[in-house]
Amino acid sequence: MKFKTVCRLFFLFILLGQSAQVTSHPLRLSLCEVEYTGSKQLLTINLKLFLMDVNEALVFDPNSKELAFCQPNESAQANQMLLDYLNQFFYVKANGRKINLKIESKKLSGEGDNVALGIFFKYQQHQPLISLEIKNAVFTDLFFDQNNIVYVHVNGESNSLMLNKKTTTHRLTF
Amino acid sequence: MTHNQHRSHPLFFLIILVLIGCTAKPSKNEANTETEEELVTRALEIHNRVLTVDTHADTPLRMIEPGFDMAERHDPNETGSKVDYPRMKEGGLDAIFFAAFVAQDIRDDDGNTRAKALCLQMMDSIVTSTERNSDIVGLALNPDDAYNLEKEGKRAIYIGIENGYPVGKDLSNVELYFNKGVRYITLVHSSNNDLADSATDPNGTEHGGISDFGVDVVKEMNRLGIMVDVSHGNDSVFYDAIALSKAPIIASHSNARAVTDHKRNMTDEMLKLMAENGGVVQLTMLANYLREAPSNPERDSAVAALRASRKPAGEMTREERIALRQAFNELDEEYPVPPATVKHVVDHIDHIVEVAGIDHVGIGCDFDGGGGIEGIFDASEVMNITIELVKRGYTEEQIQKIWGGNLIRVFKEVQAVAEKIQSDELS
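These numbers were taken from a predicted model, which means no experiment stands behind them. (Residues numbered from 1 in each chain as written. Chains lettered and ligands numbered in written order. Predicted model: local features only at pLDDT ≥ 70, side-chain atom pairs only at ≥ 80, totals over all residues. Heavy atoms only, no water.)

Participant: Which residues make up the overall build of chain A, and what values go with them?
Facilitator: Along chain A, the regular secondary structure elements total three helices and 10 strands. Walking chain A from its N terminus toward its C terminus, one meets helices and strands in the order α-β-β-α-α-β-β-β-β-β-β-β-β. By sequence separation, contacts in chain A at least 24 residues apart represent 63% of the contacts at least 6 residues apart. (Helix = DSSP H or I, 4+ residues; strand = E, 2+ residues; numbered from the N terminus. Contact = heavy atoms within 4.5 Å.)

Participant: Help me get a handle on the overall build of chain B, residues and values and all.
Facilitator: Looking only at helices and strands, chain B has 18 helices and nine strands in total. Taking 22 Å as the expected radius of gyration for a compact globule of 427 residues, we find that chain B reaches 22 Å, a close match to that expectation. Principal-axis analysis of the C-alpha atoms places the extent of chain B at approximately 75 × 65 × 45 Å. Per-residue burial for chain B yields a buried fraction of 62% across its 427 residues. (Rg over C-alpha atoms; globule rule 2.2 N^0.38 Å. Buried < 20%, exposed > 50% of the residue type's maximum accessible area, 1.4 Å probe, protein only.)

Participant: Can you lay out the side chain of His360 of chain B for me, pointing to particular residues and giving the numbers?
Facilitator: Residue and element names in this part refer to chain B. In this structure, His360 sits in the loop between helix H16 (342-356) and strand S9 (361-363). Residue His360 is classed as buried on the basis of its relative accessible area of 9%. Only 2.8 Å separates the side chain of His360 from the backbone oxygen of Gly279, close enough to count as a polar contact. Those residues in contact with His360 that lie beyond four places of it in its chain are Met274, Ala275, Gly278, Gly279, Val280, Val281, Ile352, Asn406 and Arg409. (Polar contact = N/O pair within 3.5 Å; in protein donor to acceptor, adjacent residues only side chain to side chain.)

Participant: Please give an account of the interface of chain A and chain B that cites residues and values.
Facilitator: Across the contact, 55 residues belong to chain A and 65 residues belong to chain B. Summed over both partners, the interface of chain A with chain B comes to about 5,000 Å²; 54% of that surface belongs to carbon and sulfur atoms. Counting across the interface, chain A meets chain B through five salt bridges. As a salt-bridge pair, Arg325 of chain B and Glu56 of chain A come within 2.6 Å of each other at their nearest N and O atoms. Across the chain A-chain B interface, the total number found is 16 residue pairs in polar contact (both at pLDDT 80 or more). (Buried area = accessible area lost by both parts, 1.4 Å probe. Salt bridge = Lys/Arg side-chain N within 4 Å of Asp/Glu carboxyl O.)

Participant: For the pattern of salt bridges, give the residues involved together with the corresponding values.
Facilitator: One pass over the full model with this rule turns up 35 salt bridges over all chains. As a salt-bridge pair, Arg307 of chain B and Asp61 of chain A come within 3.5 Å of each other at their nearest N and O atoms. Of the two residues, Arg307 of chain B is situated in helix H14 (residues 297-309) and Asp61 of chain A in the loop between helix H2 (51-59) and helix H3 (78-89); the pairing between them involves two chains. Between Arg310 of chain B and Glu66 of chain A there is a salt bridge whose closest N-O contact spans 2.9 Å. Of this pair, Arg310 of chain B sits in the loop between H14 and helix H15 (318-334) while Glu66 of chain A sits in the loop between H2 and H3, on two different chains.

Participant: Before we move on, can you summarise the domain arrangement of chain B with the specific residues and values?
Facilitator: Looking at the assigned domains, one finds that chain B contains domain 1 (39-294 + 341-426) and domain 2 (295-336). Averaged C-alpha coordinates put domain 1 of chain B and domain 2 of chain B at centres separated by 39 Å. (Domains from an automatic or database assignment.)

Participant: Just give me the short version of the environment of Glu374 of chain B, but keep the residues and values in it.
Facilitator: All names here are of chain B. Inspection of the secondary structure puts Glu374 in the loop between S9 and helix H17 (383-391). Owing to a relative accessible area of 30%, Glu374 belongs among the partly exposed residues under this scheme. Note: C-alpha distance between Glu374 and Gly80 (294 residues apart in sequence) is 13 Å.

Participant: Describe the packing of H2 of chain A against H3 of chain A, with residues and values.
Facilitator: All names here are of chain A. Relative orientation of the contacting elements H2 and H3 amounts to 90°, with a least axis distance of 10 Å. As judged from the angle between their axes, H2 and H3 are roughly perpendicular. Together, Val54, Ala57, Leu58 and Val59 of H2 and Met81, Leu82 and Tyr85 of H3 make up the contact between the two elements. Class assignment for the residues of the contact of H2 with H3 results in seven nonpolar, no polar and no charged. (Axes fitted to C-alpha atoms, helices over the stretch in contact; angles between N-to-C directions. Parallel < 35°, antiparallel > 145°, perpendicular 65-115°, else oblique. Nonpolar A, V, L, I, M, F, W, Y, C, P; charged D, E, K, R; others polar.)

Participant: Give me the environment of Phe68 of chain B: which residues, what numbers.
Facilitator: Residue and element names in this part refer to chain B. Tracing the chain through its elements places Phe68 in the loop between helix H4 (60-63) and helix H5 (76-79). Residues Phe68 and Tyr289 lie 221 residues apart in sequence; the distance between their C-alpha atoms is 29 Å. Aside from chain neighbours lying at most four places away, what touches Phe68 is Arg62, Met63, His74, Ser81 and Val83.

Participant: Which residues make up the confidence of the model for chain B, and what values go with them?
Facilitator: All names here are of chain B. Taken as a whole, chain B shows an average pLDDT of 91; of its residues, 93% reach a score of 70 or greater. Across residues 1-28, confidence stays below pLDDT 50; counting only partners more than four residues off in sequence or on other chains, it has 60 contacts. With pTM at 0.88, the complex prediction returns an ipTM value of 0.81. (pLDDT = per-residue confidence, 0-100.)

Participant: Please give an account of the environment of Asn136 of chain A that cites residues and values.
Facilitator: All names here are of chain A. Mapping Asn136 onto the fold places it in strand S7 (residues 131-136). Of the residues examined, Asn136 reaches a relative accessible area of 0% and is grouped as buried. Those residues in contact with Asn136 that lie beyond four places of it in its chain are Ser30, Cys32, Leu47, Phe89, Phe90, Asn148, Val150, Leu163, Asn164 and Thr168. Here Val138 takes part through its backbone nitrogen, which lies 3.4 Å from a polar atom of the side chain of Asn136.

Participant: Describe the nonpolar core, listing the residues and the values that go with them.
Facilitator: Judged by nonpolar contacts, the single largest core of 101 residues is most densely connected at Phe98, Met123, Leu187, Ile349, Ile363 and Ile376 of chain B. Top contributing element to this core by residue count: helix H7 (residues 109-132) of chain B, with eight residues. Beyond its immediate stretch of four places on either side in the chain, Met123 of chain B contacts Ala100, Ile159, Ile161, Tyr177, Lys180 and Val182 of chain B. Formed by 47 residues, the second largest nonpolar core is a distinct cluster that contains Leu51, Val92, Phe121 and Leu163 of chain A. (Core = buried A, V, L, I, M, F, W, Y, C linked by side-chain atoms within 4.5 Å.)

Participant: Summarise H3 of chain A; cite the residues concerned and give the values.
Facilitator: Between its first and last C-alpha atoms H3 of chain A spans 17 Å; for 12 residues at 1.5 Å apiece the expected length is 16 Å, and the two agree. What H3 of chain A keeps buried is the set Ala78, Met81, Leu82, Leu83, Tyr85, Leu86 and Phe89 of chain A. (Expected span 1.5 Å × (residues − 1).)

Participant: Give me the sheet that holds strand S8 (residues 147-154) of chain A: which residues, what numbers.
Facilitator: Residue and element names in this part refer to chain A. With mixed pairing, six strands are arranged side by side in an open sheet as S5-S6-S2-S1-S8-S9. Only two strands of the sheet have a single neighbouring strand rather than two, namely strand S5 (105-109) and strand S9 (157-164). Put simply, the sheet's adjacent strands are angled 15° from each other on average, direction ignored. Relative to S8, strand S1 (residues 29-37) runs parallel, the two sharing eight bridges. Paired with Ser30 across the strands is Asn148, a residue of S8. Contacting strand S2 (42-50), S5 and strand S6 (116-124), H2 runs over the sheet at an angle of about 85° to S2. Along the sheet face, H3 touches S2, S5 and S6 and points at about 75° away from the line of S6. (Pairing = 2+ DSSP bridges.)

Participant: An account of the packing of helix H9 (residues 172-180) of chain B against helix H10 (residues 212-224) of chain B is requested, with residue identities and associated values reported.
Facilitator: Residues and elements named next belong to chain B. The geometry of H9 relative to H10 is characterised by a closest axis approach of 9 Å and an angle of 35° between their N-to-C directions. The crossing of H9 and H10 is right-handed. Contacts from Val174, Glu175 and Phe178 in H9 reach Val217, Glu220, Met221, Arg223 and Leu224 in H10. Of the residues belonging to the contact of H9 with H10, the class tally is five nonpolar, no polar and three charged. (Left-handed = near helix turned anticlockwise from the far one by under 90°.)

Quick look at the structure:
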């Protein structure tokens, strides 16, 4: 089930276009999918981030191999550094309660400058979901034009929103 | 200000052009009697007279930003927003295709259902925006709507779909989207879908171009009068579409590969076939599609030295990280990346005109999808394309074709083909 859920992540990251920055991947964008299935009392979060951005944010080098995410030699510090960063710029509150981010799994996809790091979180949400508050300002500390698409799927209903430096947070009620 | 912030402003750019003109030799245009300043004035008059159509903007992604108002003017340096209605007016942009885009996800019934819901939400956002701002824009469904709305002093808003993923495996969705106002569909995006192969899928080709289902989708698009868009498709998708479509096709945002070697751009052979097909290639303002990224060895050396001097990242305090980030930002400001410019854009136009002819090139900026370069950073600056075209000797008739005439011609032919197909079905 976990594998299938991880596979639900977008096969290839969004590359709508290209920016003028030579040392970067094409576009300042990330993708987040939040899903709640009441019958399973399960809340899942899939974050998909360009690996170059992750490396730039964490170790100041987009092409760094230092943390080696998802590689056999992945740094022992990699997950904690990633969480430390995410906790500054990202959260999900279910019914007003902030979820404690704990990485369930990670996955790399894509190639070249477009490699994306998928990060999967899973929680049991026993109470019916009344509200979701999502903050997603990842990489807005790096790029003024960073945009973060959030897809929300709750009990079969889908919604999408865009968060960025100006609008970091949004609350949905159900 | 973050390190890659853009500082351009349309008035600033125009002033620079005029100032340059004050010291420049008279233009070769108008029998060498026209100054640069006069040329700019003439270009702006032409720009104002012709219908200007941009065939690709991902602005619907902005429309789903909570609180984003298309009727307000936004500073592109704040969040990177490139299009709103006031800036369309400033730039003299008469019509635009807003693309409803859904990122490629898993290709099963569940994924397809979600993609359809998200796509419909985007379309509803577009329609709602036009309804809320009906004093300044109008939803456009047919080619002549752009001209009619222009006469009313309104901007024309067309709808496209970028990525055929929301079609899923249900052909009836094509008609559903047509009825919602969709007038082109980009068959595929950055990874393969059930319709076609992408130019950029890391797994390579899956269908060898357009899939069997994609063939049916193209036929349905022809029947309904939806333009077939081959941007983002691999080369085989282009050749399949050319062979298959009963109506001319478009590339809503692609450039010339002979000028900039990128697999999203079109080869000369493709450009010639596009001309034979009667279709149109819409030039896009994506820097890496417009010019080879220039090397910047001084910056590279300075960045490498800074990286070498830092503590291990895991041992840095928050204050140290902030200071180091600031140091990198200062380096970026000291050694800026040479930008793509309007000259690169018109270099591509020159080439396409040379290979395919003046009737087969147009403009599809890809604003809000990564498009935007020095001098054409957002919708308020698109007049600079016209200025450069005039500087290179393009006539008003030619500029009218580039800025919208060619696309409208194709759009009309696509509708004419649809009428014939539907008529033949009845008889």
